[in-house]
Amino acid sequence: MEPRSPSPACLLLLLLGASGFFQSYAVEVEVKDASNTTCLYAKWMMKFLIRYETNSSDYKNITLDLPSNVTHDGSVCGNDTQAALVALQFGEGHSWSNNFTKNNETYQGDFVTFTYNTNDTALFPDAKRKGPITVVVKDNMLPVHLNNVYVCHNADSFETENVVQIFWNVTLQAFVQNGTISKKESRCRADTPTSAPTVLPTIANVTTASTSTLSPAPTATPKPVENPDTGNYSLKSGNKTCLLATVGLQLNVSKDKPVLININPKTTSADGTCGNTTATLRLNDGNSTLIAFTFVVKNTSVSVPKFYLKEVNVTLLNHLNGSVISNADNNNFSKWDTFLGSSYMCRKEQTLEINENLQIHTFNLWIQPFLVKENKFSTAQECSLDDDSILVPIVVGASLACLIAIIVVAYIIGRRKSYAGYQTL
């Protein structure tokens, strides 16, 4: 599917106020819908500490402050099925965005995307790697009631892939109700009623050792990422359902420093193709993540052929313009194997290794890509992880076998002793 373009009816007013506080500028963003009603409001300050490799293979640290000339292409209001998005572009090819999702009662940040461009010679005069570099980090913002404003005066930071993103003096309300900014506040845990903005890290605080890891800025321990919600997806061929899938999906975009991203079923659409021997399910999570699962029917000598998962492709997209951030593919799987006409089920967590930097974790999986009848799953073949019941007879059987062997050995020894005693008479 092509990336969704932001509605031209959305009007964004970007008011920039110069501030001498750490040589950064405060950003105030107000997004309005087609009826000129405010739907999203945000005001905050931020800066970036970046560590990069030079042409001489050593490392330098730079500070990127937000300038006064910031644009805002791509910011959107959001609704029940589409995430709200604050998007900024600044400097020589740098950009930043944060998307927000909601349920019936709360909203929260989903993940933050930051792109810095090492072709900016004023900041990176001797960078070894040239061009845009994108980092994605899970937002640790706690859920906020829909009619509340999120406020955090104290500094918070995200650290990943040689970048520290620092935020302070944040006031935010996504999915504004009735066009009016609420007077009810939800404070971050770092704030107290009398707290003032904390002293932020400076580049002098960052380690200068020639390692590829940037020292993290002081921050609270992030909240563990919960398991993803389970989504229900289907494909049709004509008027008949040809593929059924139920699954919760979670991306791990870094093995060394895991960044876990849950796929939200409420913002995810499904399309794909059905065939007699090949089927593909493509999932699009709000034009930010594309995941394609390809199933094939294997050649087999048994009378009933089998199907299995052969290939998985994952594409991460830039929120701002839909361009591809990264693409990963593994076409050498042999997973979820079962007989054609049946379904495959695995309630426990499974891991699909796409490449060394990307994994997919699946939860509550139930899949049938072929021969769906009456829009229902056929009898399921359960994975070995689920089949705990088989362990009981195995353990009991092994114990009985050991007991019988002991009894037989004891009987033979006893018989030999009795026979030896009889011989001496």
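Residues numbered from 1 in each chain as written. Predicted model: local features only at pLDDT ≥ 70, side-chain atom pairs only at ≥ 80, totals over all residues. Heavy atoms only, no water.

Draft legend 1. Structural context of the overall build of the protein chain. Across its full length, the protein chain carries one helix and 27 strands. Counting only residues that meet the buried cut, the protein chain has 44% of its 425 residues in that class. As displayed, the protein chain offers around 22,000 Å² of accessible surface, 52% of which is attributable to carbon and sulfur atoms. (Helix = DSSP H or I, 4+ residues; strand = E, 2+ residues; numbered from the N terminus. Buried < 20%, exposed > 50% of the residue type's maximum accessible area, 1.4 Å probe, protein only. Areas by Shrake-Rupley, 256 points an atom, 1.4 Å probe, with all protein chains shown as cover.)

Draft legend 2. Highlighting the nonpolar core. Residues Trp44, Ile50, Leu88, Phe90, Trp96, Phe114 and Tyr150 are the most contacted members of the largest nonpolar core, which totals 44 residues. Among the elements that take part in this core, strand 3 (residues 38-53) stands out by supplying eight residues, more than any other. Those residues in contact with Tyr150 that sit more than four places away from it in its chain are Tyr107, Met141, Val144, Val170, Thr171, Leu172, Ser186 and Cys188. Among the nonpolar cores identified, the runner-up in size contains 39 residues, and Leu309, Trp336, Tyr344 and Phe370 belong to it. (Core = buried A, V, L, I, M, F, W, Y, C linked by side-chain atoms within 4.5 Å. Contact = heavy atoms within 4.5 Å.)

Draft legend 3. Fine view of the pairing of strand 11 (residues 149-152). Burial along strand 11 is two-sided: Val149 and Val151 and Tyr150 and Cys152, pointing in opposite directions, are all buried. Strand direction decides the pairing type here: strand 11 and strand 13 (residues 163-174), joined by three bridges, are antiparallel. Bridge pairing in strand 13 links Val151 to Thr171. (Pairing = 2+ DSSP bridges.)

Draft legend 4. Main features of the state of the cysteines. Going through the model one piece at a time under the given rule, you end up with four disulfides. Through a disulfide, Cys346 is tied to Cys383; the S-S separation comes to 2.0 Å. In this structure, the disulfide formed by Cys346 and Cys383 twists by about 70° around the S-S bond and is classed as right-handed. Taken together, the residues Cys346 in strand 24 (residues 343-346) and Cys383 in the loop between strand 27 (380-382) and helix 1 (391-423) connect sequence positions 37 residues apart. As far as the burial class goes, Cys346 and Cys383 line up, both buried. For the protein chain, the bonded cysteines connect in the pattern 1-2, 3-4, 5-6, 7-8 when numbered consecutively along the sequence. (Disulfide = S-S within 2.5 Å.)

Draft legend 5. Highlighting the confidence of the model for the protein chain. With 76% of its residues at a pLDDT of 70 or more, the protein chain shows a mean pLDDT of 80. Per-element mean pLDDT across the protein chain ranges from 31 in strand 1 (residues 11-17) up to 96 in strand 24. Low pLDDT, under 50, characterises residues 1-23; the predicted model gives this stretch 59 contacts beyond four residues in sequence or across chains. Residue range residues 194-221 is modelled with pLDDT below 50. Its contacts to residues more than four positions away, or to other chains, number 57 contacts. (pLDDT = per-residue confidence, 0-100.)

Draft legend 6. Region of the structure containing a nonpolar patch on the surface. The grouping of Ile404, Val408, Tyr411 and Ile412 at the surface amounts to a nonpolar patch, some 390 Å² of accessible area in total. For Tyr411, the position within the fold is in helix 1. The exposure class assigned to Tyr411 is exposed, which follows from its relative accessible area of 55%. (Patch = residues over 30% accessible without salt bridge, like charges linked within 9 Å, V, L, I, M, F, W, Y side chains within 5 Å. Salt bridge = Lys/Arg side-chain N within 4 Å of Asp/Glu carboxyl O.)

Draft legend 7. Representation of the environment of Leu290. By the secondary structure assignment, Leu290 is in strand 20 (residues 289-298). Assessed through its relative accessible area of 23%, Leu290 is described here as partly exposed. For the pair Leu290 and Val314, spaced 24 residues apart in sequence, the C-alpha separation works out to 5.7 Å. The residues touching Leu290, leaving out its near neighbours within four places in the chain, are Leu283, Asn284, Asn313, Val314, Thr315 and Leu317.

Draft legend 8. View of the pairing of strand 7 (residues 94-102). By the criterion of burial, strand 7 is predominantly enclosed, with eight of the nine residues buried. Sheet topology places strand 7 next to strand 8 (residues 106-117); seven bridges connect them, and they run antiparallel. From the neighbouring strand, Ser95 faces strand 8, where its bridge partner is Thr115. Adjacent in sequence and paired antiparallel, strand 7 and strand 8 are bridged by three residues.

Draft legend 9. Expanded view of the packing of aromatic side chains. Overall, the coordinates contain 13 aromatic pairs when judged by the stated rule. Members of the aromatic cluster, connected to one another through ring pairs, are Phe48, Tyr52, Phe90, Phe114, Tyr116 and Phe124. (Phe/Tyr/Trp six-rings, centres within 6.5 Å; stacked < 30°, edge-to-face > 60°.)

Draft legend 10. Structural context of the pattern of salt bridges. Applying the stated criterion to the full structure yields 10 salt bridges. Here Lys102 and Asp80 are joined by a salt bridge, their closest N and O atoms 3.1 Å apart. A residue pair is termed long-range when its members are at least 10 positions apart, and Lys102 in strand 7 and Asp80 in the loop between strand 5 (70-71) and strand 6 (84-90) qualify at 22 residues. Looking at Asp80, the relative accessible area reads 56%, which means it is exposed. In this structure, the salt-bridge partner of Arg347 is Glu382, at a minimum N-O distance of 3.0 Å. Note that Arg347 is positioned in the loop between strand 24 and strand 25 (350-355) and Glu382 in strand 27, a separation of 35 residues in sequence. Each of Lys298, Lys306 and Asp337 takes part in salt bridges that share partners, so that together they form one network.

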